[in-house]
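Residue-level structural notes
For reference, the chains in residue letters:
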Amino acid sequence: ARVDKAGHKHFMSKEIAEQPAVVARAIEHYLQGSDIVLPGDGIDFTKIDRLTLVACGTAFYACLTAKYWFEQLARIPVEVDIASEFRYREPPIPNRTMALFVSQSGETADTLAALRYCKEKADKIVSVVNVTTSSIARESDVTLPIFAGVEVGVASTKAFTCQLTVLLLLALKAAKARGAQSDAELATHLSALQNLPGAINVALGAGDSIRRTARKLSEARDVLFLGRGLMYPLALEGALKLKEISYIHAEAYASGELKHGPIALIDKNVPVIVMAPRDSLFDKTVSNMQEVMARKGKVLLMSDSQGLKEAGDDVWEEIEMPAAPEIVTPILYAVPAQLLAYHTAVAKGTDVDQPRNLAKSVTVE
Ligand code: G6P
């Protein structure tokens, strides 16, 4: 299918804007009433004791997020690995392991090699892909499409949020099969998912204020991202997005690691982007923020109105997100992270859709 920019200046901004629609489409596809329906014979999670999730790049951060969901919601132990490490380490695969590969293109060489390593060893090979005719899709026992549509921008946006959406549905499916959540809890989580496209739409409304913040951020040489729990993988993805397209050096840390190294970098020139909805870990993150501000660090806080209020007046910049149930916040907060990277890159005048040295799909090692 031929795709155009539909009036946008870049494919990336078009693809960011499409997210309410494509996330809704993915949810609609898998959810029939209150049942999560998988293609083919599906997956029997009562026969699985452990998951291994493998991917590269942005898809790897989707896997890191999914670890929290599978462990917390379904109580299944999860290992996550980068495909290029996994394939050469040749880890033992115990019985009753499901191996899950996440790839937008379905053609990433390292991810495909990792999948082939797991054949005959894992009980089930599952893939989460955008391109359903791809090698990774073909070689899996069960393929779960993400329905993002064609993604042109090299920096992945809508594929990431659709990957997360499908992984969350899968974690909820596992939770139900294993009796790890009550029916009432499951119903609450499903309604959080159904409200998500609307919340993403509201998040997109922060675009103008993010553009103004991005102009200031574009002057930085180094940027730190901090997040805890479900926001830690998001911090990693936010840093990746920023470095990929704006070429600003960006690193992410779990907030609790701040005092184990990165705090040495803090001064008035290093913006610290804190991704922190008012969730169960918020108070911990606020105290990390105070440590940054006490060293004259400039904090850019992404939170909801309650979180912004509790954080006080000393933050440098604020990005307000709608309040949302904790389990869907990684999908929601992907949006401001993408917009911030996008507008910073535009302010710097880089080639947003075709950043230097990067390829959309890495099919050779
Ligand atoms: C490249 C792309 C990234 C992508 C990664 C994995 O590095 O530039 O956007 O996340 O490959 O690609 P995959 O197609 O396997 O998701």
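Along each chain, the written sequence defines residue order, and numbers are assigned to residues from 1. Reporting of local features is limited, given that this is a predicted model, to residues whose pLDDT is at least 70; pairs of side-chain atoms are given and counted only at 80 or more, and all residues count toward the totals for whole chains, interfaces and linings.

On to helix α10 (residues 231–246), then. With 16 residues, α10 should cover 22 Å at 1.5 Å per step; its first-to-last C-alpha distance of 22 Å lies within 8% of that length. For α10, the tally of buried residues reaches 15 of 16 residues, placing the bulk of the element in the interior. Helix numbering and strand numbering both begin at the N terminus, where a helix is a DSSP run of H or I of at least 4 residues and a strand a DSSP run of E of at least 2. Among the residues trailing α10, Tyr247 stands out with phi positive, at a value near 65°. A helix's residues, less one, multiplied by 1.5 Å, set its expected span. Residues with at least 20 other C-beta atoms within 10 Å of their own are called buried, those with 12 or fewer are called exposed, and the rest are partly exposed. The C-beta atoms themselves are positioned from the backbone.

Taking 1.5 Å per residue as the helical rise, helix α11 (residues 282–294) with its 13 residues ought to reach 18 Å, and the 18 Å between its terminal C-alpha atoms agrees with that figure. Contacts are defined on C-beta atoms placed from the backbone: any two residues whose C-beta positions lie within 7 Å are in contact. Next to the buried residues of α11 lie β8 (222–227), β10 (271–275), β11 (298–303) and α12 (305–311).

Attention now moves to the site of the ligand. For the ligand, the set of nearby residues contains 16 residues, the closest of which are Gly57, Thr58, Ser103, Ser105 and Thr108. When residues in the shell around the ligand are grouped by element, the largest group, three residues, is from helix α3 (residues 57–74). Within the shell around the ligand, the residues separate by chemical class into six nonpolar, nine polar and one charged. Defining nearness, a residue is near a molecule or strand when the C-beta atom obtained from its backbone falls within 6 Å of it. In this count, Pro and Cys sit with the nonpolar residues alongside Ala, Val, Leu, Ile, Met, Phe, Trp and Tyr, while Asp, Glu, Lys and Arg are called charged and the others, Gly among them, polar.

Only the contacting stretch of a helix is used when fitting its axis, a line to C-alpha atoms as for every element, and angles between N-to-C directions run 0 to 180 degrees. With their axes 9 Å apart at the nearest point, helix α7 (residues 158–177) and helix α13 (residues 329–348) run at an angle of 175° to one another. When the interaxial angle is binned, α7 and α13 end up roughly antiparallel. Touching Phe160, Thr161, Leu164 and Thr165 of α7 are Pro330, Ile331 and Ala334, all from α13. Class assignment of the residues belonging to the contact of α7 with α13 gives a composition of five nonpolar, two polar and no charged. Here is the rule for angles: anything less than 35 degrees is roughly parallel, anything more than 145 is roughly antiparallel, 65 through 115 is roughly perpendicular, and the remaining ranges are oblique.

Okay, the nonpolar core next. Buried Ala, Val, Leu, Ile, Met, Phe, Trp, Tyr and Cys residues whose C-beta atoms connect them within 7 Å together make up a nonpolar core. If you look at the biggest cluster of nonpolar residues, it comprises 128 residues, and the most contacted ones within it are Ala55, Ala171, Val274 and Leu332. Residues within four places of Ala55 in sequence aside, it is in contact with Phe60, Ala62, Cys63, Ala83, Phe101, Val102, Ser103 and Thr111.

Turning to the environment of Glu251, a few remarks are in order. Assignment of secondary structure puts Glu251 in strand β9 (residues 249–254). The exposure class of Glu251 is partly exposed, given the 16 C-beta atoms found within 10 Å. Measuring from C-alpha to C-alpha, the distance between Glu251 and Leu230 comes to 17 Å, with 21 residues separating the pair along the chain. Among residues more than four places away in sequence, those in contact with Glu251 are Leu224 and Ala239.

As a further point, take the packing of helix α9 (residues 207–217) against α13. Following both chains from N to C, one finds α9 and α13 inclined at 50°, their axes separated by 8 Å at the closest point. Looking at the two axes, α9 sits oblique to α13. In this structure, α9 crosses over α13, and the sense of that crossing is right-handed. Judged by residue contacts, Gly207, Ile210, Arg211, Thr213, Ala214, Arg215 and Leu217 of α9 engage Pro336, Leu339, Leu340, His343, Thr344 and Ala347 from α13. Class assignment for the residues of the contact of α9 with α13 results in seven nonpolar, four polar and two charged. Crossing handedness follows the turn of the near helix against the far one: under a right angle anticlockwise gives a left-handed crossing, and clockwise gives a right-handed one.

Right, let's talk about the environment of Gln338 for a bit. Its place among the elements puts Gln338 in helix α13. On a C-alpha basis, the gap between Gln338 and Lys298 in space is 20 Å, while along the polypeptide they are 40 residues apart.

A word on the pairing of β10. The buried fraction of β10 amounts to five of the five residues, a majority that puts the element mostly inside the structure. Here β10 shows two buried faces, one formed by Pro271, Ile273 and Met275 and the other by Val272 and Val274. Paired strands, as defined in this entry, are two strands with at least two bridges between them according to DSSP. Sheet analysis places β10 next to β11, joined by five bridges and oriented parallel. Residue Met275 lies in a different strand from β11, and its bridge partner there is Met302. In the classification by handedness, the crossover that spans β10, the intervening α11 and the parallel β11 is right-handed. The definition of a right-handed crossover adopted here requires that, viewed with the strands pointing away, the path from the first strand over the helix to the second runs clockwise.

Further remarks concern the sheet that holds β10. Strand order in the open sheet formed by five strands is β9-β8-β10-β11-β12, with parallel pairing between adjacent strands. At either margin of the open sheet sits one strand with a lone partner, and together these are β9 and β12 (317–320). Taken pair by pair, the neighbouring strands of this sheet meet at an average axis angle of 20°, ignoring direction. Relative to β12, β11 runs parallel, the two being bridged by four bridges. For Leu301, the partnering residue across the bridge sits in β12 and is Glu318. In the packing of α10 onto the sheet, contacts are made with β8, β9 and β10, and the angle to β9 comes to roughly 175°.

Attention shifts here to the confidence of the model for the chain. It should be kept in mind that the predicted coordinates are not to be read in detail where pLDDT is low. The share of residues in the chain with pLDDT of 70 or more is 100%, and the mean pLDDT across the chain is 96. Reported for the predicted complex are a pTM of 0.97 and an ipTM of 0.97. For every residue, the predictor reports its confidence as pLDDT, a number between 0 and 100.

Before going further, it helps to spend a moment on the sheet that holds strand β3 (residues 50–55). Taken together, five strands build an open sheet; the order of strands is β4-β3-β5-β6-β7 and the sheet is parallel. The sheet terminates laterally at β4 (78–82) and β7 (142–145), the two strands that pair on one side only. Each strand of the sheet is rotated relative to its neighbour by a mean of 20°, with strand direction disregarded. Examined bridge by bridge, strand β6 (residues 124–129) and β7 share four bridges and lie parallel to one another. Each bridged residue has a counterpart across the sheet, and for Ser127 the counterpart in β7 is Thr143. Strand contacts of α3: β3, β4 and β5 (97–103), with the helix running at about 165° to β3, the strand carrying the most contacts. Helix α5 (residues 109–118) contacts β3, β5 and β6 of the sheet and is inclined by roughly 165° relative to β5.

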